[in-house]
Amino acid sequence: MIGHGQDPTGGGRPTLGIVGATGAVGRVVLDVLPTRDTHWDGVRLAAGAEDVGAVRRVGGTDVSVEALTEDFFDGVDVAIFDIPPAIARDWVELAAARGVVAIDNSTVFRTDPDVPLVVPEVNPRRVADRPRGIIANPGATVMTMIDVLAVLHAGWELEDLVVTTLQAASGLGRAGMNRLHDELDVVHGDRDLGTRPGDVRRLIENELGESVFPAPLALNVVPFVGHHVGDGWTSEERKVRDETRKILDLPDLTVSATCIRVPVVSSHSVSLHATFGRRVKVEDARQALVEAPAVVVLDDPDEPEFPTPNDVVGADPRFVGRIRQAPDEPTTLDLFISGDNLRKGAALNMVQTAELVAQESARG
């Protein structure tokens, strides 16, 4: 095991810490780890006080959840963080200051110019450029589409992007998923609901009270994800623009996004209208996506075959379909993508990034 405070590029197998191990994303991290090659000398878990002492299975080993304290990072070389932004900065910076390579899933560091925003299939070399010892994990919405965009940009030079997102309740973790299920329980069986103005809202708010969503999600869609950041745009829409630009290294890319919460438990979807610098043929774009290692093409309009969040939940790749082009727009493509936002959208991508760091250690 690498000694505490050493750079994990120094040789030997590092120890992995998972901070927020009992949350929605943390649980998926624990599911993902046994499916990967072993890179770790050991795995340690930390979570909030209510879960300290709980036992979680990591591969074939029972691991007790520890309290999140400064001492937790003693002997940890790489740490995955999935904790609220309000506390993420302090804990991530503390870990990095103690020599831990910190991989953070919050929004705090994603736009920091000294913190790489890494997708291993798209920009793996960026993992080594971490002057602060911190690596940021992109948001799950961007993760849903970024592999597809990277493939298409490599072939045809992406210039403009119009995005409509359809985001699952799990984007707000366990609280979001629980709230959607509670709302569905409330509305179940009343077939008149949704036929009168405000009837769904009145019933749900009366039965359940305050929500993590700005409007009822059951029997509804909510065109407002995040908080208002000015000029009518939400924080989620701003993130889609900024993170896409940073990952693809296209600082001037024109991106317009509308982010919508939909009554899906887990797995985000996006509808894209992409404009390129060169003419693109649908069959060429489809073939390029078929050959991409992290993308599955489901695109047969005669069947019909297309991706949906219900069909892709629990899977690692991103699934793309409805690939088409307007007859009078030869430099554009329209397409639809679905992907599990808790898996590749968060947990798997952080595990893959941590593995890149561990591979540095193996190379010495």
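Structure report, in brief. Please read these numbers as outputs of a predicted model, since none were measured by experiment.

## Observations concerning the pattern of salt bridges
Then, number 1: Summed over all chains, the structure comprises 20 salt bridges.
Then, number 2: Salt-bridge contacts for Glu 121 lead to Lys 344; the nearest nitrogen and oxygen are separated by 2.9 Å. Placement of Glu 121 in the loop between strand 6 (101-104) and strand 7 (134-136) and of Lys 344 in helix 9 (residues 343-363) is noted, with a sequence separation of 223 residues between them.
Then, number 3: We note a salt bridge from Arg 179 to Glu 183, for which the minimum N-O separation is 2.9 Å. One end of the pair is Arg 179 and the other is Glu 183, both in helix 4 (residues 173-187) and four residues apart, which spans about a single turn. Each member of the pair, Arg 179 as well as Glu 183, carries the same accessibility label: buried.
Then, number 4: Residues participating in the shared-partner salt-bridge network are Arg 89, Glu 93, Asp 112 and Arg 132.

## Section: the side chain of Asp 199
Then, number 1: Here Asp 199 lies in helix 5 (residues 199-208).
Then, number 2: A relative accessible area of 7% places Asp 199 in the buried class.
Then, number 3: In terms of polar contacts, Asp 199 uses its side chain to reach the backbone amide nitrogen of Gly 194, at 2.9 Å.
Then, number 4: Side-chain polar atoms of Asp 199 contact the backbone nitrogen of Thr 195, separated by 3.5 Å.

## Things to note about the side chain of Glu 236
Then, number 1: For Glu 236, the location among the structural elements is in helix 6 (residues 235-248).
Then, number 2: For Glu 236, a relative accessible area of 11% translates into the label buried.
Then, number 3: Those residues within four positions of Glu 236 in sequence are excluded, and the remaining contacts are Thr 141, Gln 167, Val 225 and Cys 259.

## Re the nonpolar core
Then, number 1: Counting 58 residues, the largest nonpolar core has Phe 73, Phe 81, Met 145, Leu 152, Val 163 and Leu 272 as its most contacted members.
Then, number 2: If we skip the residues at most four places from it in the chain, Met 145 touches Leu 161, Val 163, Val 240, Thr 244, Val 270, Leu 272 and Ile 337.
Then, number 3: Ranked by size, the runner-up nonpolar core spans 35 residues in total, among them Val 28, Leu 30, Val 43 and Ala 358.

## A few points about the packing of aromatic side chains
Then, number 1: Scanning all chains against the criterion turns up three aromatic pairs.
Then, number 2: Aromatic side chains Phe 72 and Phe 73 sit 5.3 Å apart centroid to centroid with 80 degrees between the ring planes, which places their arrangement in the edge-to-face category.
Then, number 3: Plain terms: the ring middles of Phe 73 and Phe 81 are 5.9 Å apart, the flat faces sit at 25 degrees to each other, and that makes the pair stacked.
Then, number 4: The exposure class assigned to Phe 73 is buried, which follows from its relative accessible area of 0%.
Then, number 5: Note on Phe 81: relative accessible area 0%, which makes it buried.
Then, number 6: A connected cluster of aromatic rings, assembled from ring pairs, spans Phe 72, Phe 73, Phe 81 and Trp 91.
Then, number 7: Sitting over the ring of Phe 109, Arg 89 keeps its end group 5.1 Å from the ring centre.

## Observations concerning the pairing of strand 6
Strand residues, when the strand is regular, have side chains that alternate between the two faces of the sheet.
Then, number 1: Burial along strand 6 is two-sided: Val 101 and Ile 103 and Ala 102 and Asp 104, pointing in opposite directions, are all buried.
Then, number 2: Looking at chain direction, strand 5 (residues 78-81) and strand 6 are connected through four bridges and run parallel. Its bridge partner lying in strand 6, Ile 80 is registered against Ile 103.
Then, number 3: Between strand 5 and its parallel partner strand 6, the chain crosses via helix 2 (residues 85-97), and the hand of that crossover is right-handed.
Then, number 4: One ladder, built from three bridges, connects strand 6 with strand 7; its direction is parallel. Counterpart to Ile 103 in the pairing with strand 7 is Ile 135.

## Regarding the environment of Glu 93
Then, number 1: With respect to the element layout, Glu 93 can be found in helix 2.
Then, number 2: Since its relative accessible area comes to 28%, Glu 93 is described here as partly exposed.
Then, number 3: Separated by 39 residues in sequence, Glu 93 and Arg 132 place their C-alpha atoms 8.4 Å apart.
Then, number 4: Ignoring any residue separated from it by four or fewer positions in sequence, one finds Glu 93 in contact with Phe 109, Arg 132 and Ile 134.
Then, number 5: Within the local environment of Glu 93, its side chain forms a polar contact with the side chain of Arg 132, the two groups lying 2.7 Å apart.

## As for the sheet that holds strand 4 (residues 61-67)
Then, number 1: With mixed pairing, seven strands are arranged side by side in an open sheet as 3-4-2-1-5-6-7. Edge positions in the open sheet fall to strand 3 (55-58) and strand 7, since each of these has one partner strand only. Taking each pair of neighbouring strands and ignoring which way they run, the sheet shows an average axis angle of 25 degrees.
Then, number 2: Seen against the sheet, helix 1 (residues 24-32) touches strand 1 (15-19), strand 2 (42-47), strand 3 and strand 5 and runs at an angle of roughly 40 degrees to strand 3.

## Things to note about the sheet that holds strand 14 (residues 318-324)
Two modes of strand pairing occur in sheets, parallel and antiparallel, and in both the strands are linked by backbone hydrogen bonds.
Then, number 1: Ordered by their spatial adjacency, six strands build an open sheet running 11-8-12-15-14-13, and the pairing between neighbours is mixed. Strand pairing shows two members of the sheet lacking a second neighbour, strand 11 (254-261) and strand 13 (295-297), which therefore form its edges. If you compare each strand with its neighbour and ignore which way they point, the axes differ by 20 degrees on average.
Then, number 2: Sheet strands touched by helix 6: strand 8 (158-167) and strand 11. Its angle to strand 11, the strand with the most contacts, is close to 135 degrees.

Reading the values: rules and limits
Counting of residues starts from 1 at the beginning of each chain's written sequence and follows it residue by residue. Per-residue local features are limited, in this predicted model, to residues with pLDDT of at least 70; the limit for side-chain atom pairs, both in listing and counting, is 80 or more; totals at the level of whole chains, interfaces and linings are taken over all residues. Only hydrogens and water are removed before side-chain values are computed, so all heavy atoms of the structure are retained for them. Salt bridges are identified by distance alone: a Lys or Arg side-chain nitrogen within 4 Å of an Asp or Glu carboxyl oxygen. Only runs of H or I of at least four residues qualify as helices and only runs of E of at least two qualify as strands under DSSP, and these elements are numbered from the N terminus. Using a 1.4 Å probe on the protein chains alone, a residue whose accessible area is under 20% of its type maximum counts as buried, one over 50% counts as exposed, and one in between counts as partly exposed. Two N or O atoms form a polar contact when they lie within 3.5 Å of each other; inside protein one atom must be a possible hydrogen donor and the other a possible acceptor, and for residues adjacent in sequence the pair counts only when both atoms belong to side chains. The contact criterion used throughout is that any non-hydrogen atoms of two residues lie within 4.5 Å. Throughout this description, the term nonpolar core refers to a set of buried Ala, Val, Leu, Ile, Met, Phe, Trp, Tyr and Cys residues connected via side-chain atoms within 4.5 Å. Any pair of Phe, Tyr and Trp rings, taking the six-membered ring for Trp, is counted once the centres come within 6.5 Å. Such a pair is stacked with planes under 30 degrees apart, edge-to-face with planes over 60 apart, and tilted for the rest. Counting as a charge over the ring demands two things of the Lys NZ or Arg CZ atom: a distance within 6 Å of the ring centre and an angle within 35 degrees of the ring normal. Pairing between two strands is assigned when DSSP locates at least 2 bridges connecting them. A right-handed crossover is one whose linking path, passing over the helix from the first strand to the second, runs clockwise when the strands point away from the viewer. Axes, fitted as lines to C-alpha atoms, cover a helix only where it is in contact. Angles between the N-to-C directions of the axes lie from 0 to 180 degrees.

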